[in-house]
Amino acid sequence: MPKLFGVDIAAILNKELAPGLLNGKLFSATAGERDPLDPTAGPQDAVLTEHSFKGIINTYTDKEIDDELILKEDRKILMVALSIKPAIVPETGMRVQMSDNPGTWIIVRVTRDPASATYLCQARL
């Protein structure tokens with residue numbers, strides 16, 4: 001992770017802030033192999049990996065909701081980067097669950113801060 005102004009902000013956030021945040025699960029899928037005898041069938045036996053993390057979930061404000069890019073049911077999910085185990089960078093299409101909210105969200109957009117300490121995901125039911 002990059003150091004911003006010579007300070008490892010990601011490590012500080014992970015050590016000091018992450019323990020007090022909510023538990024979350026991030027699910028990534030790795031496509032399986034194609035059957036050489038049936039190449040039009042597509043990849044078979046995808047592998048789903050569960051990644052734990054610490055973070056928070058929040059709603060969008062009425063001013064942010066435009067019913068096109070951001071919908072009323074969308075959520076902001078902030079993930080502490082170094083808390084993601086096994087380590088991975090969240091991507092569009094991955095699924096997320098949070099301990100205090102029912103449901104599974106699909107990541108629509110991901111941004112990170114300049115220190116790579118957190119990922120802010122726009123997620124949709």
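Going by the structure above, here's the rest.
Residues numbered from 1 in each chain as written. Predicted model: local features only at pLDDT ≥ 70, side-chain atom pairs only at ≥ 80, totals over all residues. Heavy atoms only, no water.

(A) Region of the structure containing the overall build of the protein chain. A tally of regular secondary structure across the protein chain gives one helix and six strands. When the helices and strands of the protein chain are listed from N to C terminus, the series reads α-β-β-β-β-β-β. Per-residue burial for the protein chain yields a buried fraction of 31% across its 125 residues. Taking the contacts inside the protein chain whose residues are at least 6 apart along the sequence as the reference set, 58% of them involve residues at least 24 apart. Counting every atom, the protein chain has about 7900 Å² of accessible surface; 56% of that belongs to carbon and sulfur. For the protein chain, the distance from the average position of its 14 positive side-chain charges to the average position of its 17 negative side-chain charges is 7 Å. (Helix = DSSP H or I, 4+ residues; strand = E, 2+ residues; numbered from the N terminus. Buried < 20%, exposed > 50% of the residue type's maximum accessible area, 1.4 Å probe, protein only. Contact = heavy atoms within 4.5 Å. Areas by Shrake-Rupley, 256 points an atom, 1.4 Å probe, with all protein chains shown as cover. Lys, Arg positive; Asp, Glu negative; His and termini not counted. Charge placed at Lys NZ, Arg CZ, Asp CG, Glu CD.)

(B) Quick look at the nonpolar core. Counting 15 residues, the largest nonpolar core has Leu26, Phe53, Ile77, Met79, Val96, Met98 and Ile107 as the members making the most contacts within it. Top contributing element to this core by residue count: strand 6 (residues 118-124), with three residues. (Core = buried A, V, L, I, M, F, W, Y, C linked by side-chain atoms within 4.5 Å.)

(C) Inspection of a negative patch on the surface at higher detail. Taken together, Asp66, Asp67, Glu68 and Glu73 make up a surface patch of like negative charges. The class of Asp67 is exposed, set by a relative accessible area of 58%. (Patch = residues over 30% accessible without salt bridge, like charges linked within 9 Å, V, L, I, M, F, W, Y side chains within 5 Å. Salt bridge = Lys/Arg side-chain N within 4 Å of Asp/Glu carboxyl O.)

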